[in-house]
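# Tertiary structure, described
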Amino acid sequence: MKRILLVGKPNSGKSLLFNQLTGLRQKVANFPGVTVDIKTGKFGPYELVDLPGAYSVHTLSKDEDIAIAQINQAMADDNTALLVCNLDATRLQSSLVFALHMQALARQHNKNVVFALNLYDEMQKIGHVIDTDKLSEELGSPVYAVSARTLYGIAEFKQDIQAIAAGQKPVSSAVQIDSSPEQIQQKARDMAARYGAQADILLKNQNRIDSFMLHHASGSLVFLLVMFFLFQSIFTFAAPLMDGVEAGIGVVAEWCLSLVGEGMAADFIRDALFGGLGAFLVFVPQIMVLTFIIGILEDSGYLARAALICHRPLSFFGISGRSFVPYLSAHACAIPAIMAARTIESPRKRLITMLTIPLMSCSARLPVYALLIAVFVPPVQYLGGLVSLQGIVFFALYLFGILTALCISLLLSRTSAVEGKQTDMPFILELPSYRLPHWKPLLRRVVESGKQFIKRAGPVIFAVSVAIWVLGYFPQNGSLQDSYLGMIGHWIDPIFAPLGLDWRYGVAILMSFLAREVFVGALGTLFGIDAADEHIGDLASQLQADGLALGAGIGILLFYVVALQCVATVATLRAETGRNKLVTSVVIGYGLLAYLLALAAYQIIG
């Protein structure tokens, strides 16, 4: 299949344009360097390839390396039919510098180039008109004014680039542009001066808002409030949705049980299916709420400001403001966060960031936190229900993970534990314009996050729940103490007894090394078998009735904040670093630290 390449600088609307052309639900974010993977989608008879954003052919970060390497490879491939270069109409000069380099490269390989002048709706707002016909003549390639947000010019653009790729529409290439960096810089500067809008007009509103958002006092206060709102929303705002899901699971469980009589089938449905898998599904709304809030921060442009605010304090810990975005996105999932660390220019800071990302409390930990907080923290509310004590504890757990990551970052940056070039590139961050989120892709992303969480964790939870049920049901048909699972649990009991935990918790913790969220499903299955007459899915009440000590519960929470128990995260770390010994050391080190914290909590609190 013939390919069309889509390239451009970060934060220029490129990913949203890719979505509009292909109809895919690709993530769109208003922060430089968020798209670090190569995305493909069907565009008519062609395959459209969205490459990571790059500012220059002279790369600084790993995602730029990927983009330029793929572009060079694609230019030499006969299957590449067209190069579409995305331009930011609001920052024309910086876009043209990269675009002119791409045009020169394409012409070396006899490839056609088309320019998409994106974000044109921003020009329309200030009443500025860009003469695309004259700009096309000067560049020697077609220029289309489009807006991926409002769909302005998209229909014509779709038709024309397919016609150009098929050779049905001629493309002028008579204009010769010197490919030297100096000539390209001068050419971009001259064209931006003739066709682009004045910077003071474009930045007027942005500077007014930034004077408040980036002020050392007001900006810091806003940042803290935003972060507190983020973590508070995970528990408080998701609670009604969680209650609804739990009620729905209960209704479905009762209906299923009414169809079967008493016996092994009923025990399996009640204890393995709804006691394990059902306990996990209750927490999906929290993942969706977390994705929604982070998505608003990304799309609005605030995330880049937060990175700028965080740069000075993060520098003290040996990392940079660019580490903030991987750290924040790690609260959804560590895997894309580790990949997002490619945008950090310094190899040493990039490695330190990747090694400490697993300490951020990802969405897989949410079920564990929510379960134990529901057991030990009363649902006291303040400010008319806007703030809850459970939400405050949630925030404290996330804060503890962040502080732990920063302390370890400081330790790694001050020692030779992390080898690498001591390369400190200057911290340069392009601040995007403030924009309203594009709600349709955002809501799709929220729904997709819930689906992906279920798709990724659901089969593991189900398999583990069934395995635990089988091990716990046989050979005595339901006698947990004398079952195979009981035998395994008693064998490992001495490891977890110092933490105030019995063998059931030990089994659940071991099972959760497949994925952290398995802990809730495994524990739900275990307690469902042990207390079949209890209300299905009411795991928190069962833990309270079982008499779990406060110190032991806090110990479990601290354990899951620190321990690296996600196989997929370990595999991603290995792939990104290419160092088995280092990754193994991180897994063992975090495991030992987590165990010692849990031990201290139980011994001190009891």
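Note that the coordinates shown come from a computational prediction; the quantities given were computed from them, not determined experimentally.

Let us now look at the pattern of salt bridges. Close approach of charged atoms allows side chains of opposite charge to pair. Per the stated rule, a full pass over the model turns up nine salt bridges. When salt bridges that share partners are traced, they join E138, K187 and R194 into one network.

Even without being glycine, L119 reaches a positive phi, approximately 60 degrees. With a phi angle near 70 degrees, L151 is a residue other than glycine that sits in the positive phi range.

Attention now goes to helix 5 (residues 132-139). By the burial criterion, the buried members of helix 5 are T132, L135, S136, E138 and L139. Relative to the axis of helix 5, the buried residues are bounded by an arc of 165 degrees and lie together on one face. Facing away from the buried side of helix 5 by more than 90 degrees, the exposed set consists of D133 and E137. Taken together, the buried residues of helix 5 touch helix 3 (92-108), strand 5 (113-118), strand 6 (143-145) and helix 7 (181-195). By the N-cap criterion, in which a side-chain oxygen at the helix start approaches the backbone nitrogen of a residue two or three places on, helix 5 is capped by D131, the distance to D133 being 3.2 Å. Immediately downstream of helix 5, the backbone of G140 shows phi near 80 degrees, a positive value.

Counted as a void, the second largest pocket has a volume near 680 Å³. Forming the boundary of the second largest pocket are 27 residues, of which F223, L224, C310, P313 and F324 lie nearest the centre. Only helix 10 (218-235), helix 14 (302-316), helix 15 (324-329) and helix 19 (389-414) provide two or more residues apiece to the lining of the second largest pocket. Ranked by residue count, the leading element in the lining of the second largest pocket is helix 10, at seven residues. Across the lining of the second largest pocket, the residue classes tally to 21 nonpolar, five polar and one charged.

Okay, the packing of helix 18 (residues 366-376) against helix 19 next. Close contact between helix 18 and helix 19 brings their axes to 10 Å; oriented N to C, the two are set at 135 degrees. Here helix 18 is positioned oblique relative to helix 19, judged by the angle of their axes. Both helix 18 and helix 19 take part in a crossing whose hand is right-handed. Of the residues in helix 19, those in contact with L366, Y369, A370, I373 and A374 of helix 18 are Q390, V393, F394, L397 and Y398.

So, on to the sheet that holds strand 5. Spatially, the six strands line up as an open sheet ordered 2-3-1-4-5-6, and their pairing is mixed. The open sheet has two free edges, formed respectively by strand 2 (39-43) and strand 6, since each of these has just one partner strand. The average angle at which neighbouring strand axes cross in this sheet is 25 degrees, direction not considered. Relative to strand 6, strand 5 runs parallel, the two sharing three bridges.

What follows deals with the packing of aromatic side chains. In the structure shown here, the tally under the stated rule is 11 aromatic pairs. Plain terms: the ring middles of Y369 and F394 are 6.0 Å apart, the flat faces sit at 70 degrees to each other, and that makes the pair edge-to-face. Of the two residues, Y369 sits in helix 18 while F394 sits in helix 19, which places them 25 residues apart along the sequence. Here Y369 and F394 have matching classes, each one buried.

Within the largest apolar cluster, 104 residues are counted, with the highest numbers of intra-cluster contacts made by F324, Y369, L501, Y505, F519, L523 and L543. Membership of the second largest hydrophobic core comes to 39 residues, among which are A99, I130, V143 and M191.

What counts and how
Residues numbered from 1 in each chain as written. Predicted model: local features only at pLDDT ≥ 70, side-chain atom pairs only at ≥ 80, totals over all residues. Heavy atoms only, no water. Salt bridge = Lys/Arg side-chain N within 4 Å of Asp/Glu carboxyl O. Buried < 20%, exposed > 50% of the residue type's maximum accessible area, 1.4 Å probe, protein only. Helix = DSSP H or I, 4+ residues; strand = E, 2+ residues; numbered from the N terminus. Arc of directions from axis to C-beta. Contact = heavy atoms within 4.5 Å. Polar contact = N/O pair within 3.5 Å; in protein donor to acceptor, adjacent residues only side chain to side chain. 1 Å grid on protein atoms, 1.4 Å probe; cavity = no way out; pocket = protein on both sides within 12 Å on 5 of 7 lines; lining within 4 Å. Points joined across faces, edges and corners; volume = space filled by probe spheres on them. Nonpolar A, V, L, I, M, F, W, Y, C, P; charged D, E, K, R; others polar. Axes fitted to C-alpha atoms, helices over the stretch in contact; angles between N-to-C directions. Parallel < 35°, antiparallel > 145°, perpendicular 65-115°, else oblique. Left-handed = near helix turned anticlockwise from the far one by under 90°. Pairing = 2+ DSSP bridges. Phe/Tyr/Trp six-rings, centres within 6.5 Å; stacked < 30°, edge-to-face > 60°. Core = buried A, V, L, I, M, F, W, Y, C linked by side-chain atoms within 4.5 Å.

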